[in-house]
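So you can see what is in the structure, the chains are spelled out below.
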Amino acid sequence: MVTKGNAFDPNCPTRTILDRIGDKWTVLVVLSLRSGPLRFTELRDGIGRVAPKVLTQTLRRMERDGLITREVYPEIPPRVVYTLTPMGASLIEPISVITDWAETHVPAITKAQAAYDELA
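Residues numbered from 1 in each chain as written. Predicted model: local features only at pLDDT ≥ 70, side-chain atom pairs only at ≥ 80, totals over all residues. Heavy atoms only, no water.

1. Some words on the UniProt feature "domain: HTH hxlR-type" (unreviewed entry) in the protein chain
To keep things clear, this is the line we draw: UniProt positions are given in the numbering used here, feature names are shortened, and annotations may be inferred rather than shown by experiment. Starting at the N terminus, helices and strands are each numbered in turn, a helix being any DSSP run of H or I of at least four residues and a strand any DSSP run of E of at least two.
Annotation from UniProt places "domain: HTH hxlR-type" (unreviewed entry) at residues 12-110. Counting secondary structure, residues 12-110 comes out at 63% helix and 14% strand; the distance between its end C-alpha atoms is 34 Å.

As structure tokens, this is what we get:
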């Protein structure tokens, strides 16, 4: 029987999961896929400034974690489409809330950083 994890237990896999869903590339992939399936280049172009290698690694980890599916269509050239799974889609709301908070607080945070840096 699988029990609920404990993020405060150093040996619990919950920490790895939090690391994954807290990664900026994972966040941006989830937000990009919330409107529906996308191809690799559509994801890369929509996210912007992400190296193909980094995006590939992120997508592989997310697929392994059950957050997205990768479907390959036997065409020439092959067409690969990424889609959120139901578990991945369950991240849309919490990630959207955190993203909205971050976007709202950018001015205050950059101001606080500048003030801190002046004192350092």
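2. Let's talk about the packing of helix H3 (residues 40-47) against helix H4 (residues 52-64)
Formally: Interaxial angles span 0 to 180 degrees and are taken between N-to-C directions of axes, which are lines fitted to C-alpha atoms, for helices over the stretch in contact. Each angle is binned into one of four classes, with values under 35 degrees roughly parallel, values over 145 roughly antiparallel, values of 65 to 115 roughly perpendicular, and all other values oblique. Crossing handedness is read from the near helix: turned anticlockwise from the far helix by less than a right angle, it gives a left-handed crossing, and turned clockwise, a right-handed one. Pairs of residues are marked as contacts when any of their non-hydrogen atoms sit within 4.5 Å. All amino acids are sorted into three groups, where Ala, Val, Leu, Ile, Met, Phe, Trp, Tyr, Cys and Pro are nonpolar, Asp, Glu, Lys and Arg are charged, and the leftover types, Gly among them, are polar.
Where H3 contacts H4, the axes come no closer than 11 Å and their chain directions differ by 115°. By the criterion of interaxial angle, the relationship of H3 to H4 is roughly perpendicular. Handedness of the crossing formed by H3 with H4: right-handed. For the pair H3 and H4, the contacting residues are Phe40, Leu43, Arg44 and Ile47 in the first and Pro52, Leu55, Thr56 and Leu59 in the second. Partitioning the contact of H3 with H4 into residue classes produces 6 nonpolar, 1 polar and 1 charged.

3. Considerations on the pairing of strand E2 (residues 68-73)
Note the threshold: Any two strands are treated as partners once DSSP identifies two or more bridges connecting them.
Bridge analysis of E2 against strand E3 (residues 79-84) gives 6 bridges, and the strand direction is antiparallel. Bridge pairing in E3 places Glu71 opposite Val81.

4. Let's talk about H3
Note on helix geometry: an α-helix contains 3.6 residues per turn, so any two residues three or four positions apart are oriented the same way. Operational definition: Accessible area is worked out with a 1.4 Å probe on protein chains only. A residue is then buried under 20% of its type maximum, exposed over 50%, and partly exposed in between. For this quantity, the arc is that covered by the directions from the helix axis to the C-beta atoms.
Considered for burial, the residues of H3 that qualify are Phe40, Leu43 and Ile47. The buried side chains of H3 occupy one side of the element, clustering within an arc of 65° when seen end-on. Turned more than 90 degrees away from the buried face of H3 sit Asp45 and Gly46, all of them exposed.

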